[in-house]
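Given next are the chains, with one letter for each unit.
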Amino acid sequence: SGGPNFWFKTVFALRGIYERDRRNGAQTDTLGFLVARDGRGTIFDGDPAARGVVRRAAPAEAQGALVGALRTAADFAVIMGVSQRSTARWYADTSVVLVRRFEAAYGRGPLLADRLNALQQPLPDVRPGGLLALARMQGAMPDARRAALARPLAERLVTPYGVGTLAQTDSLFHPYID
């Protein structure tokens, strides 16, 4: 809205991600990545009874969204003339660090992992979370690098019918909805 409390509200909302509270606990792991915990799921969660996967820990697409939010907050700070405030610099610096950590943490050879487990290790699933994360990192990561990371995922997930939630080589892949 740009009102007098806009910057305060933005700072307060993003600060809540990084600070532990009694109701929600910590929303990030020790690397600063967003995590899904306590029954909170993601858009790709499936019902385990129907051969679905419940994706906990640190989903890749959540990291892209977080980087996007931090960069947007830093951009707002410039627009509002408060970019020299420590919180604004922190958001800008943190988004750069997260992008650097993202590739190191989620990289699995030529592929990006869909998520990290509780031990902050990449899991072997080939899912579109990495593609969503890379889409949100436009401007935060060089386009050529984003393309190089996206290509192996796209080769496994994109078909003439759309983007699959699993690679066709995955044992849980079923091309038809029952």
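What this report covers is the structure whose coordinates are included nearby. Once a new chain begins, its residue numbering starts again from 1 and follows that chain's sequence as written. Totals for whole chains, interfaces and linings use all residues, but because this is a predicted model, local features are given only for residues with pLDDT of at least 70 and pairs of side-chain atoms are given and counted only at 80 or more. Water and hydrogen atoms play no part in the side-chain values, which are based on all heavy atoms of the structure.

**Structural notes on unusual backbone geometry**
Inclusion rule: Secondary structure follows DSSP: runs of H or I at least 4 residues long count as helices, runs of E at least 2 residues long count as strands, and numbering of each begins at the N terminus.
If you check the backbone angles, Gln120 has positive phi at about 65° while not being a glycine. Note that Gln120 resides in the loop between β4 (115-116) and α4 (129-136).

**Regarding the environment of Ala133**
This is how it is decided: When accessible area is computed with a 1.4 Å probe and restricted to protein chains, residues below 20% of their type maximum are described as buried, those above 50% as exposed, and intermediate ones as partly exposed. Every residue pair with non-hydrogen atoms within 4.5 Å of one another is taken to be in contact.
Note on placement: Ala133 falls in helix α4. Assessed through its relative accessible area of 0%, Ala133 is described here as buried. In this view, Ala133 contacts Ala60, Glu61, Gly64 and Phe102; residues no more than four positions away in its chain are not counted.

**What to know about the packing of aromatic side chains**
Short version of the rule: Note on aromatic pairs: the rings of Phe, Tyr and Trp (six-membered ring only in Trp) are paired at centre separations within 6.5 Å, and the planes decide the class, stacked below 30 degrees, edge-to-face beyond 60, tilted for the rest.
Summed over all chains, the structure comprises three aromatic pairs. Note on Trp90 and Tyr91: the rings are 5.5 Å apart at their centroids and 70° apart in plane angle, and the pair reads as edge-to-face. For Tyr91, a relative accessible area of 3% translates into the label buried. Relative to Tyr106, the ring of Phe102 lies with its centre 4.7 Å away and its plane at 25°, an arrangement referred to as stacked. Of this pair, Phe102 and Tyr106 are both found in helix α3 (residues 86-106), four residues apart, which corresponds to roughly one turn of the helix. Overall, Phe102 belongs to the buried group, its relative accessible area being 0%. The exposure class assigned to Tyr106 is buried, which follows from its relative accessible area of 0%. Counting every residue linked through ring pairs, the aromatic cluster contains Phe33, Phe102 and Tyr106.

**Looking at the environment of Asp125**
Relative to the assigned elements, Asp125 resides in the loop between β4 and α4. Judged by relative accessible area, which is 16%, Asp125 ranks as buried. When the C-alpha positions of Asp125 and Arg115 are compared, they lie 8.2 Å apart, and in sequence the two are 10 residues distant.

**Remarks on α4**
Those residues of α4 that fall on the buried side of the exposure criterion are Gly129, Gly130, Leu131, Ala133 and Leu134. If you follow the buried residues of α4, they end up packed against α2 (60-79), α3, β3 (111-112), α5 (143-157) and β6 (162-163).

**Regarding α2**
The criterion, for reference: In this analysis, the expected span of each helix is defined as 1.5 Å times one less than the number of residues it contains.
With 20 residues, α2 extends 29 Å from end C-alpha to end C-alpha; this agrees with the ideal 28 Å at 1.5 Å per step. Along α2, the positions that sit buried rather than exposed are Ala60, Glu61, Ala62, Gln63, Gly64, Leu66, Val67, Gly68, Leu70, Ala73, Ala74 and Ala77. Directly after α2, the chain includes Gly81, whose backbone phi takes a positive value near 75°.

**Considering the pattern of salt bridges**
Rule in force here: What counts as a salt bridge is simple: a side-chain nitrogen of Lys or Arg found within 4 Å of a carboxyl oxygen of Asp or Glu.
Applying the stated criterion across every chain, the model contains three salt bridges. Residue Arg115 pairs with Asp114 through a salt bridge whose shortest N-O separation is 3.2 Å. The same class applies to Arg115 as to Asp114, namely buried. Put simply, Arg146 and Asp143 hold a salt bridge, and the shortest N to O gap is 2.7 Å. Remark: Asp143 and Arg146 occur in helix α5; sequence separation between them is three residues, near one turn of the helix. With relative accessibility at 15%, the residue Arg146 sits in the buried group.

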